[in-house]
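Structural features, examined
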Amino acid sequence: SIALFFLSDFLKENFMPTEKFTFSVKIFFYNILFCAISLIAIFGLNLVFAKIAKTQDVTNTIKKTLDTKTILKQTLQIVFAATYEEILYRKYCINRLTIIFSFFSKKSLPQNLQEKSRFSYAILILAVVISSLFFALAHLYIGFLGVLFSFFSALVFSLLYTKTKNVIYPCLCHIIYNLVVFYLF
């Protein structure tokens, strides 16, 4: 039932039109461009960490056991895992941490509008860093460099989420990244 609650909340916020729903081709292409830049940044990070580690990735040992019957199963697993991680760490954690930090800091809110904007931005950055840390710690099984890579890739996905204000774009980038790494490297 908890999963259904989160799923209904996700579907309502991302797929149900709001009162003032407008589709802008310019914003859509801007978001797609931002996704492409994010993917390039994450693949660049992957190359840097692969050079540092000078070892094979965890997926190489898994791919040796991959046969044609399990390709669909593996693909679905990658899609659902990446989607789940993005909803949990980007959508839920960042939003909830921002609310929590805002609630506890209400007493110390600045008076003028410009300082309030900076204050809100600082709260968002703190929420993004903590959410990225949670994401990285969930990848402890990869090892220290894997955790470090996961932290930096989480920062990129979080930036994509905060800029587009939609969890679908980081979901797509995360899925594409995981599929490419799993099947091609």
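Note that the coordinates shown come from a computational prediction; the quantities given were computed from them, not determined experimentally.

Details of the confidence of the model for the chain
Taken as a whole, the chain shows an average pLDDT of 77; of its residues, 71% reach a score of 70 or greater. Element-level mean pLDDT values for the chain span from 50 in helix H3 (residues 58-63) up to 92 in helix H6 (residues 144-164).

Remarks on the pattern of salt bridges
Going through the model one piece at a time under the given rule, you end up with 1 salt bridge. We note a salt bridge from Arg90 to Glu86, for which the minimum N-O separation is 2.8 Å. Pair noted here: Arg90 and Glu86 are both in helix H4 (residues 71-104), with a separation of 4 residues, about one helical turn. For the residue pair Arg90 and Glu86, the accessibility class agrees, reading buried in each case.

Focus on unusual backbone geometry
In the Ramachandran plot, Lys165 falls in the positive-phi region, its phi being about 60° despite a non-glycine side chain. Tracing the sequence through the fold places Lys165 in the loop between H6 and helix H7 (168-184).

What to know about the nonpolar core
Grouped together as the largest cluster of nonpolar side chains are 13 residues, with contacts concentrated most on Cys35, Ile42, Phe149, Leu160, Cys173 and Tyr177. Every element with two or more residues in this core is listed here: helix H2 (25-53), H6 and H7. Per-element tally for this core: the top contributor is H2, with 5 residues. Filtering out sequence-adjacent residues up to four positions away, Ile42 remains in contact with Phe149, Ser153, Val156, Phe157 and Tyr177. Formed by 5 residues, the second largest nonpolar core is a distinct cluster that contains Ile94, Val128, Tyr161 and Cys171.

Rules of the game
- Residues numbered from 1 in each chain as written.
- Predicted model: local features only at pLDDT ≥ 70, side-chain atom pairs only at ≥ 80, totals over all residues.
- Heavy atoms only, no water.
- pLDDT = per-residue confidence, 0-100.
- Helix = DSSP H or I, 4+ residues; strand = E, 2+ residues; numbered from the N terminus.
- Salt bridge = Lys/Arg side-chain N within 4 Å of Asp/Glu carboxyl O.
- Buried < 20%, exposed > 50% of the residue type's maximum accessible area, 1.4 Å probe, protein only.
- Core = buried A, V, L, I, M, F, W, Y, C linked by side-chain atoms within 4.5 Å.
- Contact = heavy atoms within 4.5 Å.

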